[in-house]
Every structure is written in C-alpha cells, then in structure tokens.
Amino acid sequence: MKYLIGEFSRLMGVSIDTLKHYESLKIIQPLKDEQNNYRYFSDYDAREIIKSRILRSLNLNLNDITNIMNSDSPLPITEKLEESKKALQEQVRRNTLLIKKIDEYLRDIADLDSFIGKFTVQSLPGLYRLQHTNKDELLKNPAIEKIVSSWMDALPFTFPSFKVNAKEFFDGVTEYNYNWGQAIWENELAYTELEINDFVEFIPPQVYLTIILSGMDDDYFLSGARTLIRNYLQENEYLVTGDILGRLIHTQKKSKQNIYYVKVLIPIQTIRSCNTPT
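Quick caveat, the model's predicted, so the values are computed rather than measured. (Residues numbered from 1 in each chain as written. Predicted model: local features only at pLDDT ≥ 70, side-chain atom pairs only at ≥ 80, totals over all residues. Heavy atoms only, no water.)

Chemist: Could you give me a rundown of the packing of helix α3 (residues 43-57) against helix α4 (residues 62-69), with the residues and numbers involved?
Modeler: Closest axis-to-axis distance for the α3/α4 pair is 10 Å, and the angle between their directions is 130°. In terms of axis orientation, α3 runs oblique to α4. In terms of crossing hand, the pair formed by α3 and α4 is right-handed. For the pair α3 and α4, the contacting residues are Glu48, Lys51, Ser52, Leu55 and Arg56 in the first and Leu62, Ile65, Ile68 and Met69 in the second. Along the lines of polarity and charge, the residues of the contact of α3 with α4 split into five nonpolar, one polar and three charged. (Axes fitted to C-alpha atoms, helices over the stretch in contact; angles between N-to-C directions. Helix = DSSP H or I, 4+ residues; strand = E, 2+ residues; numbered from the N terminus. Parallel < 35°, antiparallel > 145°, perpendicular 65-115°, else oblique. Left-handed = near helix turned anticlockwise from the far one by under 90°. Contact = heavy atoms within 4.5 Å. Nonpolar A, V, L, I, M, F, W, Y, C, P; charged D, E, K, R; others polar.)

Okay, here's the thing in structure tokens:
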C-alpha cells in the first residue's frame with residue numbers, strides 16, 4: 001500500500017522531518033511522482049523505519065545504520081553492535097565509579113558533624129598532585145595552563161587539594177606557605193586519561209594523622225588549628241615526616257560568611273618506631 005508523507009508520519013509515529021532525514025541518508029527510499037512531486041511510502045519503508053529505529057535504540061549512529069542497511073553482508077551489523085556493546089560497558093563501568101564517588105561525597109557530608117575536630121590514623125595510597133596556586137593566588141604558568149583543563153575534566157576523580165609547609169606551620173611562622181591544586185589517588189589514575197609529567201608531584205603511600213576542620217575565608221588557612229594539632233602530636237608521640245596535605249570536602253555560606261570544611265592529612269610515624277634499632 002502507498003502512503004503520503006503526512007499519513008505515513010502519523011501511522012509510524014515518526015516526524016516528517018525525521019522521514020526526510022532518513023530519506024536523505026537512503027535508509028528509506030520512497031517513490032517520487034515526478035508530475036506532482038509527491039512522495040509515496042510503502043509497507044517496505046515501514047519495515048525499514050522499524051529496523052533503523054531498533055538499531056538506533058542499540059546505540060548505533062545514523063551513518064552506521066545507513067551502511068548496515070545498504071549492505072548485503074551481516075558483518076557490518078555484527079562489528080558495529082560489538083563496538084556499541086563495548087562502549088556501553090565502558091559507560092556502565094564509569095557510571096558505577098561515579099556512583100561510588102557520589103556515595104563517598106554523601107558520607108563526607110554526613111560525617112562532618114560527627115567527626116569534625118576528631119583525630120584518626122589512616123594508611124592512604126600514593127597521591128599525584130598538580131599545584132595550581134601560591135597560597136590563594138592562581139599561578140600564571142603557561143606549562144600548567146596547558147594541562148590544568150585535563151585535570152578539571154577528570155573531576156570527580158581529581159579533587160581540590162592543599163599542601164602546607166609543615167616546618168613553618170609548626171615553628172609558629174605567622175604567614176606560612178601553602179598552596180592549592182588538584183590531586184588524584186594513584187589507584188584511581190587509571191579511571192582517567194591524565195598524563196603525568198614533570199609538573200605533577202607524586203607523594204608516596206603514607207600513614208597519616210587525619211582530622212576534619214572548618215574555617216572561614218577571612219582566617220589565615222588552618223591557623224586556628226595549629227595548637228590543637230601540635231598538642232595532639234606531642235601527647236601521642238607522633239613525628240611529622242613531611243608537609244601537611246589535605247582535600248576540600250565542602251563549602252557553604254553562613255551569615256554571609258564563606259565556610260570551608262577540609263580533611264587534613266599529616267604524615268606521621270611514632271617516635272618509638274624512630275628509636276627502634278634496625
């Protein structure tokens with residue numbers, strides 16, 4: 001049976017523009033009356049529309065569908081469906097990882113009230129880190145500018161990270177050095193397409209004394225926690241073995257003040273272990 005384009009569009013549930021696009025790709029080839037310039041669609045065109053929509057629903061693009069439908073071999077459809085399957089598997093894998101990251105963020109937010117100001121000891125994997133600021137001022141370095149976008153694109157596997165000069169911090173220097181940047185745990189690097197170069201610092205796996213702290217942007221970063229951290233280290237005979245690291249957990253506004261929450265990571269070992277003969 002023959003159908004004009006408007007009727008065929010209604011019967012198939014496909015827009016007229018889509019039918020014209022499919023015709024331009026030669027997915028369907030309606031008969032054209034040269035006298036009145038009308039297109040006449042057939043039941044065969046209906047089957048081709050359904051077939052093309054099935055392939056489209058299986059994540060194939062229209063160019064591939066065109067090649068498949070104009071081929072006399074089953075090989076193209078097999079190859080393209082395998083490619084689609086692999087792409088969907090990768091999408092599922094990445095979405096699974098993103099769900100894991102969402103769960104981590106939800107736990108971090110839920111833990112703020114319970115764990116703020118409380119110390120724990122954790123063994124954490126190695127960390128890759130790209131410095132992006134000097135204190136709070138963005139670095140104007142062309143080499144860093146070339147790669148910082150790739151680190152931003154790798155969020156949420158990368159995360160805002162800070163580094164504080166531990167010697168200056170504990171020696172009581174008023175305006176000790178610190179910087180911000182982007183970081184990623186070494187066991188999550190494979191989830192991204194980041195390339196590690198000379199501007200990226202690697203911090204080996206370590207044991208850290210950790211604490212969640214809050215502060216305001218008007219305060220010198222972490223200055224209010226210096227005595228708290230120093231006293232805890234002394235009381236528990238911990239020796240600081242490197243610069244202080246950490247990550248930003250959350251920010252919010254309270255009474256027009258910017259409040260930040262960070263997890264501080266202080267690399268440690270016990271004084272007793274330092275004195276143990278080898």
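Chemist: How would you sum up unusual backbone geometry? Please name residues and give values.
Modeler: In this chain, Leu155 is followed by Pro156 through a cis amide linkage whose omega measures 5°. If you trace the backbone, Pro156 turns up in the loop between α6 (142-153) and β7 (159-164). Non-glycine residue Lys135 carries a positive phi angle of around 55°. Considering the arrangement of structural elements, one finds Lys135 in the loop between β5 (133-134) and β6 (137-138).

Purely geometric stuff here, so don't read any function into it on its own.
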